[in-house]
Amino acid sequence: MTPEESDALAGTLTEVITPALAEILPDGWQFENVKTRSLMMTHLPVLSLKHGAETLCFIISPTDPASPAFKRSKHYDLTYFSEDVPDAKQGQIYRRDREVIERVAAWLRRWDV
């Protein structure tokens, strides 16, 4: 994905997720932004959420069945990570933030039909 394509998708995602935030985010969670980030040698939009000092980020990339993803919608793959959890412990994020992760995945699938 080019930086321009990623920026365009980030803008679209910001527009469409903003009205759905009350439905997606449980109490205490805040939407930070959707910004293009350079990850894995490409440019991808990343949705960032925050709960106190905890972070939860979602990489939203074009579907690629050859790459691992947490969930796939019609056109996009969703992968999550946390910036406050060390790399070796990223596997614990789902237990900590399952509700929000599943809500974001469900929203992405509903939107991307």
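Residues numbered from 1 in each chain as written. Predicted model: local features only at pLDDT ≥ 70, side-chain atom pairs only at ≥ 80, totals over all residues. Heavy atoms only, no water.

Chemist: Hey, could you go over helix α3 (residues 93-111) for me, with residue numbers and the actual values?
Modeler: Of all the bends found along α3, the most pronounced is centred on E99 and spans about 60 degrees. Taken together, the buried residues of α3 touch α1 (3-17), α2 (21-24), β2 (42-51), β3 (54-62), β4 (71-72) and β5 (76-81). (Bend = angle between axes of the 7 residues up to and from the residue. Helix = DSSP H or I, 4+ residues; strand = E, 2+ residues; numbered from the N terminus. Contact = heavy atoms within 4.5 Å.)

Chemist: Mind laying out the pattern of salt bridges, listing which residues take part and the relevant values?
Modeler: Once the charged atoms of two side chains with opposite charge are near each other, the side chains can pair. In total, this model carries 8 salt bridges according to the counting rule given. Between R96 and E54 there is a salt bridge; the shortest N-O distance is 3.8 Å. With R96 in helix α3 and E54 in strand β3, this pair connects stretches of sequence that are 42 residues apart. The class for R96 is partly exposed, based on a relative accessible area of 31%. For D97, the salt bridge goes to R96, with nearest N and O atoms at 2.8 Å. Note on D97: relative accessible area 3%, which makes it buried. Through salt bridges with shared partners, a single ionic network connects E54, D84, R96 and D97. (Salt bridge = Lys/Arg side-chain N within 4 Å of Asp/Glu carboxyl O. Buried < 20%, exposed > 50% of the residue type's maximum accessible area, 1.4 Å probe, protein only.)

Chemist: Give me the packing of aromatic side chains: which residues, what numbers.
Modeler: Summed over all chains, the structure comprises 5 aromatic pairs. Geometrically, the ring pair formed by F70 and Y80 is edge-to-face, given 5.1 Å between the ring centres and 80 degrees between the ring planes. One end of the pair, F70, is in the loop between β3 and β4; the other, Y80, is in strand β5, with 10 residues separating them in the sequence. Among the residues examined, F70 registers a relative accessible area of 26% and is labelled partly exposed. Ring centres of W107 and W111 lie 5.8 Å apart, and the angle between their planes is 5 degrees; on these two criteria the pair is classed as stacked. One end of the pair is W107 and the other is W111, both in helix α3 and 4 residues apart, which spans about a single turn. Chaining the aromatic ring pairs together yields one cluster made of F70, Y80 and Y94. (Phe/Tyr/Trp six-rings, centres within 6.5 Å; stacked < 30°, edge-to-face > 60°.)

Chemist: Break down α1 for me, citing the residues and quoting the values.
Modeler: In this model α1 runs 21 Å from its N-terminal to its C-terminal C-alpha over 15 residues, within 8% of the 21 Å that 1.5 Å per residue would give. For α1, the set of buried residues is S6, L9, A10, L13 and I17. Buried residues along α1 cover an arc of 105 degrees about the axis, so they all sit on one side. For α1, the exposed residues lying more than 90 degrees away from the buried face are E4 and E15. (Expected span 1.5 Å × (residues − 1). Arc of directions from axis to C-beta.)

Chemist: Account for the sheet that holds β3, with residues named and values stated.
Modeler: Taken in spatial order, the 5 strands of this open sheet run β1-β2-β3-β5-β4, and their pairing is antiparallel. In this open sheet, the two strands that pair with only one neighbour each are β1 (30-39) and β4. For β1 and β2, the ladder comprises 9 bridges, and the chain directions are antiparallel. By the bridge assignment for β2, R37 is matched with L44. Sitting on the sheet, α3 touches β2, β3, β4 and β5, and the angle it makes with β3 is about 35 degrees. (Pairing = 2+ DSSP bridges. Axes fitted to C-alpha atoms, helices over the stretch in contact; angles between N-to-C directions.)

It is worth stressing that arrangement in space is one thing and function is another; only the former is reported here.
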